[in-house]
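# Fold and geometry: a report
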Amino acid sequence: MKPESEHAAQPAAQTSPAKGTPAERAPRLRVSVGTGTAIGLNQVRADCLPTTAYLMVGERCDRNCGFCPQARESGARADLLSRVTWPAAGDPETVIAAVAGSHEAATSGGEGVKRVCFQVIHDRASLGETLEAVRSTRRRSSVPICVSVFLNDQAVVAQLFEAGADHVTMPIDVVGEELYHRVKGGGFSGALKRVEEAAARWPGKIGTHLIVGLGETEEDMVRLIARLVGQGVTIGLFAFTPVRGTELAAQAPPDLASYRRIQAANWLFGEGLIGPDDLVFADGRLVGFRRPSAVVRSWLAAGEAFRTAGCPDCNRPYYNERPGGVIYNYPRPLTADEAAAAVDVVLAGAPGV
Ligand code: SF4
């Protein structure tokens with residue numbers, strides 16, 4: 001059981017801001033190694049670059065999620081988030097200018113990023129730094145901005161939108177009351193309520209992250225996805241990735257077939273092709289679609305269901321996979337063979353009627 005309270009105060013201000021407003025100061029930014037190459041700050045060989053610039057704000061979280069290298073009691077390297085390396089970036093204005101330039105190139109038909117995502121580590125100063133980074137980015141560029149951040153307070157969501165974010169992601173991560181409390185600390189129902197309240201207040205502008213493979217059932221995951229998709233919440237789907245030094249380092253990643261079924265359900269919900277009542281579950285596992293197999297196959301045939309799910313243009317290359325290893329989230333269009341194999345896996349475990 002994690003000790004911290006779900007109702008912990010927001011990060012403390014460092015100066016004396018107006019009441020309820022986090023103090024703003026120059027952000028401590030880290031840039032994911034692939035992002036550095038995508039925006040021209042470094043040169044790393046990669047067969048697939050990010051289409052979103054991923055920037056981390058802050059380091060070493062106040063919270064203590066069992067899967068996270070940035071957790072308070074984690075022994076993992078300080079430059080990791082999931083299995084991705086995030087070198088310190090130095091001057092934030094240089095980074096933001098590089099993002100703006102890359103986005104401008106992309107909008108002119110060239111190569112570049114189409115979105116920027118601030119991944120906020122919950123420490124004393126990161127919220128104020130994030131507001132400053134969002135404002136600075138918006139001053140320079142029209143690039144879509146999303147912020148992924150743990151928040152208790154809807155007023156801070158409003159501040160992020162006022163600063164220029166177009167999407168705010170409030171990560172639930174862990175599905176189920178007992179599992180959430182054990183892995184993240186605090187309460188699942190409270191986290192879900194906050195996401196749903198925000199989704200009602202800012203339709204189409206709220207997202208969440210869900211991690212598959214922490215011990216939840218496929219049914220619990222799929223039913224939650226259906227509920228949230230029905231409220232217009234964007235689902236960023238992740239495969240649990242064990243990272244050395246974290247509390248859950250010894251736990252295995254999810255079964256690929258199980259992950260493919262959840263990806264298929266998520267995508268079919270998002271496309272409005274099925275609802276949760278069109279699925280058959282047995283012992284918590286998705287075992288069938290109440291649709292002819294040929295129809296399900298035709299829907300899934302292009303492979304879109306198996307690409308990275310989340311905000312538009314978020315592809316997160318190698319966030320959950322090793323180069324050359326099992327690909328949970330394809331960061332690019334699938335080949336015909338890859339798509340056919342993924343659909344076969346789904347229909348082998350959950351055939352149509
Ligand atoms: S879905 Fe992707 S772009 Fe959106 S908040 Fe999550 S990581 Fe960032």
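Further up the page is the structure itself.
Turning to the overall build of the chain, a few remarks are in order. The number of helices and strands found in the chain is 10 helices and 11 strands. Computed over its C-alpha atoms, the radius of gyration of the chain comes to 20 Å, within 12% of the 20 Å expected for a compact globule of 353 residues. Put simply, the chain has 353 residues, and 48% of those count as buried.

A few words on the environment of P292. With respect to the secondary-structure elements, P292 resides in the loop between β11 (285–289) and α9 (293–300). When the C-alpha atoms of P292 and G352 are compared, they prove to be 4.6 Å apart, with 60 residues separating the residues in sequence.

Let us now look at the sheet that holds strand β7 (residues 167–169). Pairing in this open sheet of seven strands is mixed, and the strands run β1-β2-β5-β6-β7-β8-β9 from one edge to the other. Strands with a single pairing partner mark the edges of an open sheet, and in this sheet they are β1 (29–31) and β9 (234–239). Taking each pair of neighbouring strands and ignoring which way they run, the sheet shows an average axis angle of 25°. Looking at chain direction, β1 and strand β2 (residues 52–57) are connected through three bridges and run antiparallel. For V31, the partnering residue across the bridge sits in β2 and is L55. Contacting β8 (206–212) and β9, helix α8 (residues 256–270) crosses the sheet at an angle of about 170° to β9.

What follows concerns the site of the ligand. Surrounding the ligand, one finds 13 residues, the nearest of these being C117, G236, G310, C311 and C314. Counting residues per element, the ones that place at least two in the shell around the ligand are β5 (115–120), β6 (145–148) and β8. Residues of the shell around the ligand, tallied by class, amount to four nonpolar, seven polar and two charged. Mapped onto the domain boundaries, the shell around the ligand takes at least three residues apiece from domain 1 (1–169) and domain 2 (172–353).

Cut-offs applied
Residues numbered from 1 in each chain as written. Predicted model: local features only at pLDDT ≥ 70, side-chain atom pairs only at ≥ 80, totals over all residues. Helix = DSSP H or I, 4+ residues; strand = E, 2+ residues; numbered from the N terminus. Rg over C-alpha atoms; globule rule 2.2 N^0.38 Å. Buried ≥ 20, exposed ≤ 12 C-beta atoms within 10 Å, placed from the backbone. Pairing = 2+ DSSP bridges. Axes fitted to C-alpha atoms, helices over the stretch in contact; angles between N-to-C directions. Contact = placed C-beta atoms within 7 Å. Near = placed C-beta within 6 Å. Nonpolar A, V, L, I, M, F, W, Y, C, P; charged D, E, K, R; others polar. Domains from an automatic or database assignment.

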